[in-house]
Structures are given as C-alpha cells and as structure tokens.
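One-letter residues, chain by chain:
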Amino acid sequence: MKNKSSYWAKTLQNGLIGGGISLLLSVVGLVLAFGKTYIISGVLTMAQVFVLAPFLFEATQSIRQLPSKEPIKTLLVGGLTGLLGGAVLALFILINNFINIRSVLINVSPDLVNLLTFHLPLVAGLLALLGISLVVGLVAAGVFMLPDRIRGALSQAVMVVVLVGLFRDLIVTVILHWGWVQYAFLWIFAQSGLTIISALLLFALVGGLGYWSAGRNRKAIAANRTPRQQKVVRWGTLGVLGLIALLLPAILGSYFSEILDNVGIYILMGLGLNIVVGFAGLLDLGYVAFYAIGAYTLGMLTTSEAVGLLHLSFWVALPVALVVAVAAGVILGLPILRLRGDYLAIVTLGFGEIIRIVVLSDWLKPLLGGSEGIQRIGKPAIGGLVLANQQQLYYLILVCILIAGFIAIRLKDSHLGRSWMALREDEDVAEAMGINKVTTKLLAFAMGALFSGLGGVLFATKVGSIYPQSFSFIVSINILSLIIVGGMGSIPGVFVGGLALVGLPLLLSQFADFRYLIYGAVLVIMMLRKPEGLAPEARRRLELHEDDAGPGLQEELQTVTKNPGR
Amino acid sequence: MPILEVENIHSYYGNIHALKGISLTVDKGEIVTLIGANGAGKSTTLRTICGLLKPREGCVRFDGEDLAPCKPHDLIFKGMSMVPEGRRIFSRLTVSENLEMGAYTRRKGPELVADLERVFTLFPRLKERRKQVGGTLSGGEQQMLATGRALMAHPRLLLMDEPSMGLAPVLVESIFDTIVQINKEGTTILLVEQNALMALSIAARGYVLQTGEIVLQDSADELKKNKMIQKSYLGME
C-alpha cells in the first residue's frame, strides 16, 4: 500500500517539476529568444525543445521508478507526468490572462503566450498545449516499452540530431574552413538548423549504428584479442588521438584554435594545481598569483616597449620566469606550512590578491605598467620561424602539456607522490612514518607554481599584452572547479574538466546571456550526479560509490598497486 | 641499559599544564606500560616523546641521545615508530600501500620483503585483504594494519597508544598476544593503555599516571596487588 501511494506521489512530483522547469525557462526569456531558431528547419524549433524536453525527461523519471512494467500503468504514469507539466504552463497562462504578470516578470509577453499556445485562440491553444504535453508523456512511455536495444539506439539518434541542430552555427563555422570539402557537408544544414531530409538521414545513420554497436559484445571481443592485437589496438587508438591532436588547429580554423589555446593553458595549470590540491591536499585559492608572476616576468623581460627591463628573447626569458614563479611558490609555502584546510585557503587567497594589487600599484608602474599593463610581449621563435598566430602557438602549448602531463603521471606513483598522498591523508602519521613535512609541502607548492608560471608565460606570449584585470581571483576558482569537475587527483580528469569547463561556455556562446544559466545548471546537475568528477581516480570512485565498485575496479586497483611505476 | 629515558618533562597545550614533570625509563627488550584514566596525560606523554609536542622543560633521550633537536620525521630513522591512538591508518590507501608507507624510509631489498612476510605471519588477515582499501577494514583489522605499518619500519622501540580502544574483548586478547610475540622477537615496547588489567598482564613494569603526574611505579605484579590500583583501575573492591 505504501509502495503504491509512493509512486503516484512521485509521478505527481515529477510532473510538477517538469512543468516548473519549462515555466522557468519560459519566464527567463530563453524560450522566446529561440522561438524562431530551428533545429530541424520548418519542423522543430529550439523553443519547442526547451519547453517539451523537461516533460520528456520527467516522464521517463516517473516510469523508471515503477515497480512493474504493465503497459497500461506505464502509459498512465508517463501520460500523467506530461499532462501535469503541461497543466502547470496552462495554469500560468490562464492566470496571466487575468492578472498582468508582465509587470513583474518582463519576459511574459503576448509573444510568449502565443508561442506556448501555438498561435491559436486562448482556449484552443491551452487544450493544444495540454494535448501535446500528454502526447510527449505517452511517447516517453511508449519508448520505454520497446526492447532495450531499440530504445538505446532511438534515444542516441534523437540526441545526436538535436545536438547537431542546436550547434548548427558552430559546426558551420568550422566547416567553412575546409576549402572544397565544405560542399560535401554544407547541404546538411538549412539557414537555421538541419534540413528535414538531412535530419532523417542523420537519425537513420546514428540509430542504425547505435543498434548495430549495441548488438556487439564489446567485452567478449576485447577478451578474445591476443596480446599482440591488444597492443595494436592500444597504440592505434593513441596514434589516432595523437594525429587528431596534431591536426586540430587545421581542422578547426583560427577562431577555435584560440579557444583550444585557452583550454590548453587551463589544462596546464590544472595539472599543476592538481598536484597541490589533488595529490598533496593543500587547498590553494591563490593559484593565480604564480600565473601572474610567470606572465609578468616574461612581459617585463621581453617587451619591446620602454617599461621593460632587458628586452630578452622569449627562450631566454622563459627559464627566468619559471625560476621566479617557483621561488614565489616556495616563499609562499614557507609561512603557511603549519596551516591546514580552511586557514590555508584564506592565506593563499590573500597571497593571490596581494600579487594583483602590487601589479596594479603606482609604485611598480615603471616596471609593470600599472593598470596600462605591458604590451608587445615577445613571441617565441624557432630558427627563423616566429610562432605568431594561434595555430602555431597551439603546438607550443601542446608540447608543454605533454611534458607537464608526463611529469605529473611519473610523480603520482613516485616516492614523492606517495608522501604527498600520506600527507593529505594524515599529516601527523605521515611525519611519524618519516616524511619530512617541510620539504614535501614545499615541493608540492613549487611544482604547482612551476606549471602555473608556465601557463602565465604562454598566456602572455599568446595574447601579446597583459593587464592586471586578467589575473583576478576568478582564475583560481576556475582552475579549482576544473579539477573538481574532472575528478580530484585524477590526471585524465584535468583534461576532461578543462574541456568541459572552458569549452562548454564557448559552445554555449550562441545562447548569449542565457549561457550562464545553462552552465550553472549543468554544474549543479553534474555535482549531484557525479560528485567524484567526470573522470575520477580509481580510489576516489571506490570511496564514493563503494556499493557499485565491481570486480573491474578491484582489478584496476590491483594493477595500480602491482606496478607503481605505471 | 635504558633505550628510552624521559626526564622530568613539562608539556603544555597553550596555557594548560598537561604534564607536570614526568620521568620514566624503558629498558631494552622490556614491555613497559603507562596506565591511567581519561585525560591523565598518557597520549600527551607519547606525543612529547615523538616530538609532536615540544616540552617546555625536561628532556627525552633515546639510546642516550637527546631528542630535543629532532623533528618528528627523524625519529623513525633512529629506530622508534608509533602505533597512533585510534589507528589512523591511511583509509584511502590499500592495505599493501599502508604497509609500504610504514617502510617509507627504507630501501627495497630482501630485508624489506622479510619484514613484510613477518607482518603477514603475525596478521594473516592482512594478507587476505592486502588489495582492500584501508577504510573498509573492520576496527580490529585496522588495529592490525596500524601495528603492521609501524613494524614495517623495523623499529627497536615501538610506541603503542591504546591498541585496545573500541575493540571487542576477543580481539583485544588477540592483539595483546601479538604484542607479546612482537616483544619476544626483540622489539622493545612502550604501551599506553586504559585497559589496565590487560596491560599489566603482559608488561614487566608499569607507571600510573594521574592528572599529569606519575603517582605510582612498580613491577607489573606488584601493581596488580596494589589496593589503590585494584580499586580504581581493575574494578575490584
């Protein structure tokens, strides 16, 4: 009895949540702003997706928690969830008819009401809205009753079509760089969104592929490979990834290459902060300081303007900048050796601000340029070739990331890596085991400062001019979020986190001001769903999801312990 | 010949005078126990010996050498290692990794392998669970792991802080049996315990601590017969 009432209550709740999300998206103006942007030209607009997708999602949520899969009950629950969602919107529109909600929520315009009621008269429109919501819920239920394999392929196909349509503008920007090859792809897209035919083709292609790959037993195939074949597969994958990494700037064009450069610099700094926070457990909120120190040292030493010092070349100034950054790391490390946790965070935060304020001050203006910053910073040259544009700099950044990644991977399972880990777990006991707290902590700060300083150097030479505003507190926070999103202490996590956190806002740029809404929502959902990060370290995953740590994970941990050098 | 001499130490937590002139000695090959109620200063004494807390007065000598200039991490090189109160194993590391951390200061080699074997012989349970993450072990297993970790440093003096804490009586007995065995194999032990009965049953000598002072010291057998001890620590009327 209790069980029965609980899933009806859940259905009610899910329906209201779905309606609430749609209502929120409508009220903030997102729906209206994309009312004429098509995903499939002439058929489906983004606005419709924004309004109906929450119903679809909540309906599947309702169906999932059903104890049995009787068709009638499934349809009932799905349809009810959808209908409830529609009812929330309909009720809102009705109320708006009597009270002028627009005086409070300015986005609730007659246009929005028209859009939500399909440009029909009020009563007919409301009925249409309810009807479509019901259909969406029923569709969700219907899809759920299909066999797993078909359902998986179907949802994959729908997802891909919607995403390709959604990011049409970005994809077209990229394709336009491809010379004559562009004509092989451009026909897929209409003026806005996909054409109907290409949407159908894409749907069939992805659905077919999904159906086929779901039928293959990947594990069995992988297990049947000989060690030689396994090696070929592993190196083949690496080779393809490497090739893609090398060709990316050529494929993506200069606009996206700049984004890639930014992502790269963030990943580089993420690798460094991951050592400090992820490995050694020292919460550093002033990480931007070393970034600023690296950038300003390079700027000061290489600028061709009067404010500079020596007008050195990039390659001569680079090691100086790195040494200065590391020295700063050690100097910061010394006074805070005794601090832990929150206290450490506050002091490092202060350090970051000190550096920014010092740079901004009039006192050092002759050297650092004050608020005018430093312009015309030297570019690196290899032989006669000056790495001037974003595509060329990409390769320099790539090399730096590879080196930094290699160092981080080697450090992780080294003697030093283990002492960081022990220090993170329990400082007193680590000392009792014979770990020198002072040198170990200072080494962590120094390594972090090294990578951050390198990031600053690359940033300075990439942009060519630096200003104090570029080195605000938010940089530290972004890099910290990057590590958390990727998975604390995990090296692949830094890459995933970098792509997600720096890449996502850029992907969402077409949503203008709404992008922060989406970005924030994605972050919240992600932290609720995957608190251990997107690509977590094996032991951390084990800690947070002990129940579903299958034999695979145990195996993984075993190999890690067996070969600490891996 | 005393391996550890503690001479008239006074330790403070801020303004709180926690140890008011403690003196004790541990001879090579002995099990010596330090018993006392909650808050008597047992753990503080251990923390001071380990250098985690600096005494304002007095000195600690190990093998006749004053430990005042030493940092906590130096002591393990000298041959002193500790099983901390409440186990404090590295809960996110596997059992093997915990044991490896214990041998942090040592070189890889046949001696290390032999010590690992010795720990696994003392605690077969740890061998079964060596791939398991420390935090998932039971309390008794964690105590075994903490003891094993300390032994991996191959100490001459082992400091143990309340190994019986929070364990079922059966487990307490087995842990104490192991302590005797470790001692027989040549490791000197300073045992801090609240469970006075158990501690006195395996120790050669004992010190009784009360509010930062040593109020009694004698052989374990004499202490067991002492009326005051029987009344306040052994629960006999």
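Per chain, the residues get numbers from 1 upward, laid out in the order the sequence is written. Chains and ligands are labelled sequentially in the order written, the chains with letters from A and the ligands with numbers from 1. Where local features are concerned, this predicted model is filtered to residues with pLDDT of at least 70; where side-chain atom pairs are given and counted, the filter is 80 or more; whole-chain, interface and lining totals use all residues.

1. Brief notes about the overall build of chain B
Here comes step 1: Runs of E in the DSSP output that reach at least two residues are strands. Runs of H or I that reach at least four are helices, and both are numbered from the N terminus. Each helix and strand counted, chain B has ten helices and ten strands in total.
Here comes step 2: This radius of gyration counts C-alpha atoms alone. The globule rule is 2.2 Å times how many residues there are, raised to the power 0.38. Computed over C-alpha atoms, the radius of gyration of chain B comes to 17 Å, within 12% of the 18 Å expected from 2.2 N^0.38 for 237 residues, which places it in the range of a compact globule.
Here comes step 3: With respect to the three principal axes, the spread of C-alpha positions in chain B is 45 × 45 × 35 Å.
Here comes step 4: Counting the 237 residues in chain B, one finds 46% classified as buried.
Here comes step 5: Residues are scored as being in contact if the C-beta atoms we place from backbone atoms lie within 7 Å. In chain B, 67% of the contacts between residues at least 6 apart in sequence involve partners at least 24 apart. Counting other C-beta atoms within 10 Å of each residue's C-beta, where C-beta atoms are placed from the backbone, gives the exposure class: buried for 20 or more, exposed for 12 or fewer, partly exposed between.

2. Considering the domain arrangement of chain B
How big an interface is tends to be stated in terms of the accessible area lost upon association of its parts.
Residue and element names in this part refer to chain B.
Here comes step 1: You can read the domains of chain B as domain 1 (1–79 + 156–237) and domain 2 (88–154).
Here comes step 2: For domain 1 versus domain 2, the separation of C-alpha centres amounts to 23 Å.
Here comes step 3: Broken down by secondary-structure element, the contributors of at least two residues to the side of domain 1 that touches domain 2 are helix H2 (75–78) and helix H7 (169–184).
Here comes step 4: With five residues, H7 is the single largest residue contributor to the side of domain 1 that touches domain 2.
Here comes step 5: Gly is placed with the polar residues, together with every amino acid not listed as nonpolar (Ala, Val, Leu, Ile, Met, Phe, Trp, Tyr, Cys and Pro) or charged (Asp, Glu, Lys and Arg). Split by residue class, the side of domain 1 that touches domain 2 holds eight nonpolar, three polar and no charged. Segment limits for the domains were obtained from an automatic or database-derived domain assignment.

3. Side note on the packing of helix H13 (residues 288–302) of chain A against helix H20 (residues 437–463) of chain A
Residues and elements named next belong to chain A.
Here comes step 1: Between the N-to-C directions of two axes lies an angle of 0 to 180 degrees, each axis being a line fitted to C-alpha atoms and, for a helix, fitted only over the stretch in contact. Closest axis-to-axis distance for the H13/H20 pair is 7 Å, and the angle between their directions is 45°. Here H13 lies oblique to H20, going by the angle between them. Note that H13 runs across H20; the crossing there is right-handed. For the pair formed by H13 and H20, the contact residues are Phe290, Tyr291, Ala292, Ile293, Gly294, Ala295, Leu298 and Gly299 on the first element and Ala449, Ser452, Gly453, Leu454, Gly455, Gly456, Val457, Phe459, Ala460 and Thr461 on the second. Note that the term roughly parallel is reserved for angles under 35 degrees, roughly antiparallel for angles over 145, roughly perpendicular for angles of 65 to 115, and oblique for everything else. Helix crossings fall into two classes, left-handed where the near helix is turned counterclockwise from the far one by less than a right angle and right-handed where it is turned clockwise.

4. Considerations on helix H10 (residues 196–215) of chain A
All names here are of chain A.
Here comes step 1: Along its 20 residues, H10 runs 29 Å from first to last C-alpha, staying within 8% of the 28 Å computed at 1.5 Å per residue.
Here comes step 2: Taken together, the buried positions of H10 are occupied by Ser198, Ala199, Gly207 and Gly210. Down the axis, H10 shows its buried residues gathered within 155° of arc, on one side only. In H10, the exposed positions that point more than 90 degrees away from the buried face belong to Ala204, Gly208, Trp212 and Gly215.
Here comes step 3: Lining the buried residues of H10 we find strand E1 (38–40) and helix H7 (148–166). Between the first and last residue of a helix there are one fewer steps than residues, each counted as 1.5 Å, and that sum is the expected span. What the arc describes is the spread of directions from the helix axis to the C-beta atoms.

5. Structural notes on the domain arrangement of chain A
Here comes step 1: Partitioning chain A into structural domains gives domain 1 (1–145), domain 2 (254–535) and domain 3 (540–566).
Here comes step 2: Using C-alpha coordinates to define each centre, domain 1 of chain A is positioned 44 Å away from domain 2 of chain A.

6. Quick notes on the interface of chain B and chain A
Here comes step 1: Taken together, the contact pairs 23 residues of chain B with 21 residues of chain A.
Here comes step 2: Elements that contribute at least two residues to the side of chain B that touches chain A include exactly H2, strand E6 (80–83) and helix H3 (95–102) of chain B.
Here comes step 3: Counting residues per element, the side of chain B that touches chain A draws most heavily on H3 of chain B, which supplies four residues.
Here comes step 4: Residues of the side of chain B that touches chain A, tallied by class, amount to twelve nonpolar, seven polar and four charged.

7. A few points about the packing of helix H12 (residues 227–279) of chain A against helix H21 (residues 473–486) of chain A
All names here are of chain A.
Here comes step 1: The interhelical angle for the contact between H12 and H21, taken along N-to-C directions, is 75°, at an axis separation of 9 Å. Classed by the angle they form, the pair H12 and H21 counts as roughly perpendicular. Note on element contacts: H21 touches H12 through Ile479, Leu480, Leu482 and Ile483, opposite Tyr266, Met269, Gly270, Leu273, Asn274, Val277 and Gly278.
Here comes step 2: In terms of residue class, the contact of H12 with H21 is made up of eight nonpolar, three polar and no charged.

8. Describing the confidence of the model for chain A
Residues and elements named next belong to chain A.
Here comes step 1: Residue-level confidence of the predictor is summarised by pLDDT, bounded by 0 at the bottom and 100 at the top. Mean pLDDT for chain A: 85, with 94% of residues reaching 70 or above.
Here comes step 2: For chain A, helix H25 (residues 551–562) is the element with the lowest average pLDDT, namely 45, and H20 is the one with the highest, namely 94.
Here comes step 3: Contacts for the low-pLDDT stretch residues 546–566, under 50 throughout, to residues beyond four places or in other chains number 21 contacts.

9. Observations regarding the pairing of strand E10 (residues 213–219) of chain B
All names here are of chain B.
Here comes step 1: Taken together, the six bridges between strand E9 (residues 205–210) and E10 define a ladder with antiparallel strand orientation. Bridged to Val208 within E10 is Leu216.
Here comes step 2: Linking E9 back to E10 in an antiparallel pair, the connection comprises two residues, with Thr211 at a positive phi of about 35°. Strand pairing follows a simple DSSP-based rule, namely that at least 2 bridges must link the two strands.

10. Section: the sheet that holds strand E4 (residues 57–62) of chain B
Residue and element names in this part refer to chain B.
Here comes step 1: With antiparallel pairing, the four strands of this open sheet are ordered in space as E2-E1-E4-E5. Looking at strand neighbours, the two that pair on one side only are strand E2 (16–27) and strand E5 (65–66), the edges of this open sheet.
Here comes step 2: Across five bridges, the pairing between strand E1 (residues 2–13) and E4 is antiparallel. Bridge pairing in E4 places Leu4 opposite Phe62.
Here comes step 3: Taken strand by strand, helix H1 (residues 42–50) contacts E1, E2 and E4, and its axis lies near 70° from that of E2.

11. Here's the deal with the environment of Gly35 of chain A
Residues and elements named next belong to chain A.
Here comes step 1: With respect to the element layout, Gly35 can be found in the loop between helix H2 (30–33) and E1.
Here comes step 2: We classify Gly35 as partly exposed; it has 17 C-beta atoms within 10 Å.
Here comes step 3: Put simply, Gly35 and Thr45 are ten residues apart on the chain and 6.3 Å apart in space, counted from C-alpha to C-alpha.

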